[in-house]
Amino acid sequence: MADMGNLWEDLRKQARQLENEIDLKLVSFSKLGTNYSTHRDGDSDTSPLLNRSSSEHMFDTMAMEIEQLLSKLTQVNDRMVEYTQNISLSSPSAALLHTLQRHRDILQDYTHEFQKTRANITALREREDLLGSVRREINTYKNSTGLNRRTELYLKENDHIRNSERLVDEQISIAIATKENMTSQNKVLSSITSRVNSLANRFPVINSLVQRINLRKRRDSIILGGVIAVCFILLILYAFH
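Residues numbered from 1 in each chain as written. Predicted model: local features only at pLDDT ≥ 70, side-chain atom pairs only at ≥ 80, totals over all residues. Heavy atoms only, no water.

## A closer look at the nonpolar core
In this structure, Ile22, Phe29, Leu70, Met80 and Phe114 are the most contacted members of the largest nonpolar core, which totals 26 residues. Of all elements in the fold, only α1 (2-43), α2 (49-86) and α3 (94-202) reach the threshold of two or more residues within this core. Setting aside residues up to four positions removed in sequence, Ile22 forms contacts with Leu69, Leu70, Leu73 and Tyr110. (Core = buried A, V, L, I, M, F, W, Y, C linked by side-chain atoms within 4.5 Å. Buried < 20%, exposed > 50% of the residue type's maximum accessible area, 1.4 Å probe, protein only. Helix = DSSP H or I, 4+ residues; strand = E, 2+ residues; numbered from the N terminus. Contact = heavy atoms within 4.5 Å.)

Set out below in structure tokens:
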């Protein structure tokens, strides 16, 4: 009887020790679930991947440890049930049965709490994984759209530069043609002037007329030179615009 009594006390001691360990593990497990929820709800896209993997690894490890402790406690409770069935007394005492029932209730409560916490965290992980996938797809679409937009702007800018170069080439061609035309006209005027001067030397009246013509020609040359200078300045400003 003494050995049977010692066995019962040993089983109760083992049950209380396992219950204390499970209680501490469940508190830590619940805190881990709360921290995991806060961490994931903050900003899953910017959370460091290493911290996320570490939290998930810790969750899996703690869940495995609690499962092992619950399994051990279940085995101890089963042995306590066997003890109450195998004692040599006519029937177990009410206190013995009450103690056994209390340990079994504690085991049931711990098992239910563990399963509930694990289910909540698992559901949260699945939800965040789904949302994370959606966010990544949205970011990929945004980045692709932004790249296409920048490419379109670059192409438009390139077309604008080409059009500007074409207009500048046209203006330069017009300026060169004008210069050649003016050179040709200058030669004609020089020939006419030479003839008029020859006549003026022969006739004084004509000489006076030639001087007036020369003055008007000089004035026209100055005006023409000013027009050419203004045209070139405008071309240069347009080219560097």
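## As for the UniProt feature "transmembrane region" (unreviewed entry) in the protein
Sequence positions flagged by UniProt for "transmembrane region" (unreviewed entry) are, in local numbering, residues 222-240. Each end of residues 222-240 is marked by a C-alpha atom, and these two atoms are 27 Å apart; helix forms 95% of the span and strand 0%. (UniProt positions renumbered as here; feature names shortened; annotations may be inferred.)

## Some points on a negative patch on the surface
Together, Asp23, Asp105, Asp109 and Glu113 make up a region of like negative charge exposed at the surface. Per element, the largest residue contribution to the negative patch is three residues, and it comes from α3. Relative to the elements of secondary structure, Glu113 occurs in helix α3. (Patch = residues over 30% accessible without salt bridge, like charges linked within 9 Å, V, L, I, M, F, W, Y side chains within 5 Å. Areas by Shrake-Rupley, 256 points an atom, 1.4 Å probe, with all protein chains shown as cover. Salt bridge = Lys/Arg side-chain N within 4 Å of Asp/Glu carboxyl O. Lys, Arg positive; Asp, Glu negative; His and termini not counted. Charge placed at Lys NZ, Arg CZ, Asp CG, Glu CD.)

## Topic: the pattern of salt bridges
Within this structure, the stated rule accounts for two salt bridges. With its nearest N and O atoms 2.7 Å apart, the salt bridge here joins Lys25 to Glu65. On the criterion of sequence distance, the pair formed by Lys25 in helix α1 and Glu65 in helix α2 is long-range, its members being 40 residues apart. Linking Glu67 and Arg118 is a salt bridge whose minimum nitrogen-to-oxygen distance equals 2.3 Å. With a gap of 51 residues between them, Glu67 in helix α2 and Arg118 in helix α3 connect regions that are remote in the sequence.

## Topic: the side chain of Arg12
Checked against the element boundaries, Arg12 lands in helix α1. For Arg12, which is buried and forms no salt bridge, the nearest opposite charge comes from Glu9, at a distance of 4.3 Å. Non-local contacts of Arg12, meaning those with residues more than four positions away in its chain, are made with Met80, Thr99, Arg102 and His103.

## What about a nonpolar patch on the surface?
Residues Val230, Ile233, Leu234 and Leu237 make up a contiguous nonpolar surface patch of about 400 Å² in total accessible area. The topology assignment puts Leu234 in helix α4 (residues 204-239). By relative accessible area, Leu234 is classed as exposed at 53%.

## Topic: the packing of aromatic side chains
One pass over the structure, following the stated rule, counts three aromatic pairs. Ring plane angle 15° and centroid distance 5.4 Å describe the contact between Phe29 and Phe59, whose orientation is recorded as stacked. A residue pair is termed long-range when its members are at least 10 positions apart, and Phe29 in helix α1 and Phe59 in helix α2 qualify at 30 residues. Residue classification places Phe29 among the buried residues on the basis of a relative accessible area of 0%. The exposure class assigned to Phe59 is buried, which follows from its relative accessible area of 6%. Ring geometry for Phe29 versus Phe114: centroids 5.7 Å apart, planes at 40°, classification tilted. With Phe29 in helix α1 and Phe114 in helix α3, this residue pair connects regions lying 85 residues apart in the sequence. (Phe/Tyr/Trp six-rings, centres within 6.5 Å; stacked < 30°, edge-to-face > 60°.)

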